[in-house]
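Examination of the molecular architecture
Each chain, written out:
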Amino acid sequence: MQRPIDKLIKFLDLQKINAPYADDFKMASGRVIDRGWYLLGEELESFEAQFADYVGAQFAIGVSNGFDALVLVLQAWGIKPGDEVIVPAHTFIATWLAVSELGATPIPVDVCPDTYCIDVNKIEGAINAKTKAIIPVHLYGQPADMQAILALSSKYGIPVLEDAAQAHGAKWFEHKVGSIGTATAFSFYPGKNLGALGDAGAVTTNDAQLAFRLKSLRNYGSIKKYQHDDLGRNCRMDELQAAFLKVKLPFLQKEIEARSRQIRIYESRLSGLAIRLPLIRENCTPVWHLYVVQCECRDDLQQFLFEQGIETLVHYPTPPHLQTAYHCLGYKVGDFPMAEQLARRVISLPIGSHLLDSDIEFICQKIALFFNGIVASSAWVSGRGS
Ligand SMILES: *Cc1c(COP(=O)(O)O)cnc(C)c1O
């Protein structure tokens, strides 16, 4: 039976997520309008200080979006045509495009099927004299294996740029991502766990020199008006977005906790079904931007849930190396088997503060109903991380 439309479980509901902040947003935008200062002002400066403090980094540099955060760091490091940058084969394509933006070549490394993050055992085989950076992605909100990646970084003298667009607040041991490596890129795209009301992003770093370069590069290569020391870009964060983000930042931890509680429901209700749940690596505290599970009959499950009024998404149906945009690199089906397998099997289940725990229970019941009609193949009967 179809769920009545008003009971539709949405994957994401930004109106509902942002509604509790509406009065504060109006006050914040009123402040900016009254002040009449729209770019590189005190809202941005105070947001940068607060975000750096939240992450535990010395510096945060607010920029226009997550993509530009990645590009600016690579540019500051002098990445140029002919250089190679190691990226995960399974990620949102922005990670790759940031490398291409500078004319350099993204070199994919396959991922681990349980954590979805770059397979650190395969990175070394991709390193050569042209390798100028490694970009691990803390995908879906779980930190990549930074211990191994930082070890490779110091062994080969290659800098690491973390893509934490989906991982605000995620922890690796006691440290939040953004405070660990040399530079970390964040996105505040509206649908991210800390989302603006438009585009915004940031870089965090403990490197004072890099912070200074980024402030210049984001503003036409200029720190002092009409004096241009760098071939910069225009990648500034609006004062309005900074003001909105300051409203939401104090509640990020609450959003993270709501999601963790929902994940515990999923884990307890879905274990034993023919569905593979994500493995949480030891010493990692993920933040669950997305709750991504795997199953062989993904498309049928998605269709079934849709008919029950439950909206799910696939992150992501086609890996970057098989996208038309990257035909130029000459990859073919079979080159990155884990990434390709994930593209066929992953499905993202609804989570977030727009949902009640009872919604998650309802979704779990429907998933169980779907699988009870199907004989589970033994390889896929799993608990967490089997
Ligand atoms: C969202 C995202 C980006 C890009 O962020 P924007 O703010 O949309 O430019 C980059 N990498 C990953 C992994 C993302 O999820």
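These figures come from a predicted structure and were not determined experimentally. (Residues numbered from 1 in each chain as written. Predicted model: local features only at pLDDT ≥ 70, side-chain atom pairs only at ≥ 80, totals over all residues. Heavy atoms only, no water.)

Section: the sheet that holds strand S9 (residues 201–205)
Applicable threshold: Two strands are said to pair when DSSP picks up at least two bridges between them. Secondary structure is summarised from DSSP: a helix means a run of H or I of at least four residues, a strand means a run of E of at least two, and numbering begins at the N terminus for each. To obtain each axis, a line is fitted to C-alpha atoms, and for helices this fit is confined to the stretch in contact; angles are then taken between N-to-C directions over 0 to 180 degrees. Whether two residues are in contact is decided by their heavy atoms, any of which lying within 4.5 Å being enough.
Pairing in this open sheet of 4 strands is mixed, and the strands run S1-S9-S8-S5 from one edge to the other. The open sheet has two edge strands, strand S1 (59–63) and strand S5 (161–163), and neither has a second partner. Each neighbouring strand pair of the sheet contributes to a mean axis angle of 20 degrees, computed without reference to strand direction. This element, helix H3 (residues 42–55), spans S1, strand S8 (183–187) and S9 of the sheet and lies at about 130 degrees to S1.

Description of the sheet that holds strand S6 (residues 171–172)
A sheet is described by the order of its strands in space; here 3 strands give the open sequence S7-S6-S12, paired in antiparallel fashion. Looking at which strands have only one partner, the edges of the open sheet turn out to be strand S7 (175–176) and strand S12 (284–285). When S6 meets S7, the two strands line up antiparallel, connected through 2 bridges. Across the sheet, the residue bridging to Trp172 is His175, located in S7.

As for the side chain of Gln262
With respect to the secondary-structure elements, Gln262 resides in helix H9 (residues 252–270). Those residues within four positions of Gln262 in sequence are excluded, and the remaining contacts are Ile351, Gly352, Leu355, Asp357 and Ile360.

Let's talk about helix H8 (residues 239–248)
Defined as follows: Three labels apply to residues, based on accessible area from a 1.4 Å probe with only protein chains included: buried if under 20% of the type maximum, exposed if over 50%, partly exposed otherwise in between.
Burial analysis of H8 places 9 of its 10 residues in the buried class, the great majority of the element. Residues Glu239, Gln241, Ala242, Ala243, Phe244, Leu245, Lys246, Val247 and Lys248 constitute the buried set of H8. Looking at the buried side of H8, the elements it contacts are helix H1 (14–18), helix H2 (22–35), H3 and H9.

Things to note about the pattern of salt bridges
To keep things clear, this is the line we draw: Each reported salt bridge corresponds to a side-chain nitrogen of Lys or Arg within 4 Å of a carboxyl oxygen of Asp or Glu.
Within this structure, the stated rule accounts for 19 salt bridges. Lys80 is the salt-bridge partner of Asp83, the closest N and O atoms lying 3.3 Å from each other. A residue is classified by how much of its surface remains accessible, and Lys80, at 44% relative accessible area, is partly exposed. Close ionic contact of Arg276 with Asp114 constitutes a salt bridge, the shortest N to O distance being 3.0 Å. Residue Arg276 is found in the loop between H9 and S12, and its partner Asp114 is found in the loop between strand S3 (105–109) and strand S4 (131–134); the two are separated by 162 residues along the sequence. Residue classification places Arg276 among the buried residues on the basis of a relative accessible area of 18%. By relative accessible area, Asp114 is classed as buried at 18%. Residues joined in a network through salt bridges with shared partners are Arg31, Arg35, Glu42, Glu43 and Lys246.

Quick look at unusual backbone geometry
Tyr316 follows His315 through a cis peptide bond whose omega is 15 degrees. The residue Tyr220 is not glycine, and still its phi comes out positive at about 60 degrees. Locating Tyr220 in the fold gives a position in the loop between helix H7 (208–217) and strand S10 (222–224).

Quick word on the site of the ligand
Operational definition: A single heavy atom is enough: if one lies within 4 Å of a molecule or strand, its residue is considered near that molecule or strand. Polar contact is the term for a pair of N or O atoms within 3.5 Å; when the atoms are in protein, one must be able to donate a hydrogen and the other to accept it, and sequence-neighboring residues count only if both atoms are side-chain atoms. Computed by Shrake-Rupley with a 1.4 Å probe, the accessible areas treat only the displayed protein chains as cover when residues are assessed. Only Asp, Glu, Lys and Arg are considered charged in this grouping, and only Ala, Val, Leu, Ile, Met, Phe, Trp, Tyr, Cys and Pro are considered nonpolar; every other residue, Gly among them, is considered polar.
Close contacts around the ligand come from 14 residues, with Gly66, Asp163, Gln166, Ser187 and Lys192 the closest. Between the ligand and Gln166, the relevant distance is 2.8 Å, taken from an oxygen atom to a side-chain nitrogen or oxygen of the residue. Here an oxygen atom of the ligand and a side-chain polar atom of Lys192 are 3.1 Å apart. Its free accessible area being 380 Å², the ligand has 91% of it covered by the protein chains. For the shell around the ligand, the elements supplying multiple residues, two or more each, are helix H4 (66–76) and helix H5 (94–101). Of the residues contributing to the shell around the ligand, the split by class is 6 nonpolar, 6 polar and 2 charged.

Some words on the confidence of the model for the chain
Going by this rule: The pLDDT value tells you how sure the predictor is about a given residue, anywhere from 0 up to 100.
Confidence along the chain averages 94 in pLDDT terms, with 95% of residues attaining 70 or more. Low pLDDT, under 50, characterises residues 375–386; the stretch is placed with 28 contacts to residues that sit more than four places away or in other chains.

Here we look at the pairing of S9
For S9, the buried fraction is high: 5 of the 5 residues fall into the buried class. Neither face of S9 is open: one carries Gly201, Val203 and Thr205, the other Ala202 and Thr204, and all of them are buried. Summarising the sheet, S1 and S9 pair through 5 bridges and their orientation is antiparallel. Paired with Val63 across the bridge in S9 is Gly201. The pairing of S8 with S9 spans 5 bridges and is classified as antiparallel. Each bridged residue has a counterpart across the sheet, and for Ala185 the counterpart in S9 is Val203.

Observations concerning the domain arrangement of the chain
Definition in use: Domain extents, as shown, originate in an automatic or database domain assignment. Throughout, the accessible surface (probe 1.4 Å) given up by two parts as they are put together, summed over both, is called the buried area.
For the chain, the domain assignment lists domain 1 (16–250) and domain 2 (252–380). Placing a centre on the C-alpha atoms of domain 1 and another on those of domain 2 gives a separation of 25 Å. Between domain 1 and domain 2, the contact holds 43 residues from the first and 38 residues from the second. Considering only the surface of domain 1 that becomes buried against domain 2, Tyr116, Tyr140 and Asn193 emerge as the three largest contributors, covering 20% of it. Counting every contact that joins domain 1 to domain 2 gives 1 salt bridge. Where domain 1 packs against domain 2, one counts 25 residue pairs in polar contact (both at pLDDT 80 or more). Mapped onto the side of domain 1 that touches domain 2, the elements with two or more residues apiece are H1, H5, S3 and S6. Split into classes, the residues belonging to the side of domain 1 that touches domain 2 amount to 23 nonpolar, 12 polar and 8 charged.

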